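Listed below are the residues making up each chain.
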Amino acid sequence: MPADPAVLVVGEPEREPADRRWCEKVTLGFRNTGGSAVRSGTVAFGTHVIGALGIDWATVESTERLPVPVAPGSGTEKTWTVCVDAWRVPLGMHVETRDVSVRWE
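Everything in this summary refers to the structure shown in the same document. (Residues numbered from 1 in each chain as written. Predicted model: local features only at pLDDT ≥ 70, side-chain atom pairs only at ≥ 80, totals over all residues. Heavy atoms only, no water.)

### Let's talk about the overall build of the chain
Within the chain, the secondary structure is distributed over 0 helices and 7 strands. From first element to last, N terminus to C terminus, the chain shows the α and β order β-β-β-β-β-β-β. Counting across all 105 residues of the chain, residues that qualify as buried make up 31%. Long-range contacts, defined here as pairs at least 24 residues apart, represent 70% of the contacts in the chain between residues at least 6 apart. Looking at charge distribution, the chain has the averaged site of its 11 positive side-chain charges lying 5 Å from that of its 14 negative ones. (Helix = DSSP H or I, 4+ residues; strand = E, 2+ residues; numbered from the N terminus. Buried < 20%, exposed > 50% of the residue type's maximum accessible area, 1.4 Å probe, protein only. Contact = heavy atoms within 4.5 Å. Lys, Arg positive; Asp, Glu negative; His and termini not counted. Charge placed at Lys NZ, Arg CZ, Asp CG, Glu CD.)

Okay, structure coming up:
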C-alpha cells in the first residue's frame, strides 16, 4: 500500500535587516504533516523595493532550493539572505520580502 503524499505546511516568513540595504534575511519554518518525505522543491520570494515615503516602486522575484529532505512528521527551518541588485535600492530606500510561495515534490 503506497504512503500518503507529503503535505508541507509553511510558516509565516520572519524578516530581519541584513548588512546591506538591498538585502534582507528571511526565515521560514516547514513541517511535513503528510506520509511521504518532501524530496525536492523551491521557495519563491517577491522582494519589494520601498521608497523613503513608503511607495512600493518594484517587486523583484528570486528563487531558492527548499531545504530537503523533510521526513514525514518532522520539520525544519531555514534562513536565506534575499538580495536584489544594489542599483535598484538607492539611498533612502529599502527592501521588504513580502511574498513567499513554495513548491515541493
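Continuing now.
### Structural notes on the packing of aromatic side chains
Summed over all chains, the structure comprises 2 aromatic pairs. Geometrically, the ring pair formed by F30 and W80 is edge-to-face, given 6.3 Å between the ring centres and 90° between the ring planes. With F30 in strand β3 (residues 23–32) and W80 in strand β6 (residues 75–83), this residue pair connects regions lying 50 residues apart in the sequence. Of the two residues, F30 and W80, neither departs from the other in class, the shared state being buried. Summarising the aromatic geometry, the rings of F45 and W80 are spaced 5.5 Å apart at their centres and angled 65° between planes, so their arrangement reads as edge-to-face. Here F45 is found in strand β4 (residues 41–50), whereas its partner W80 is found in strand β6, with 35 residues between them in sequence. With respect to class, F45 is no different from W80; both count as buried. (Phe/Tyr/Trp six-rings, centres within 6.5 Å; stacked < 30°, edge-to-face > 60°.)

### A closer look at the nonpolar core
Counting residues in hydrophobic clusters, the biggest one holds 13 residues, and the most contacted among them are L8, F30, V43, F45, L66 and W80. For this core, the elements supplying multiple residues, two or more each, are β3, β4 and β6. For this core, the leading source of residues is β3, giving 3 residues. With residues up to four places along the chain from it excluded, the contact list for L66 reads L8, F30, V38, S40, G41, T42, V43, V102, R103 and W104. (Core = buried A, V, L, I, M, F, W, Y, C linked by side-chain atoms within 4.5 Å.)

### Section: the pattern of salt bridges
Applying the stated criterion across every chain, the model contains 5 salt bridges. Between R88 and D85 there is a salt bridge whose closest N-O contact spans 3.9 Å. A salt bridge links R98 to E96; the shortest N-O distance between them is 2.9 Å. (Salt bridge = Lys/Arg side-chain N within 4 Å of Asp/Glu carboxyl O.)

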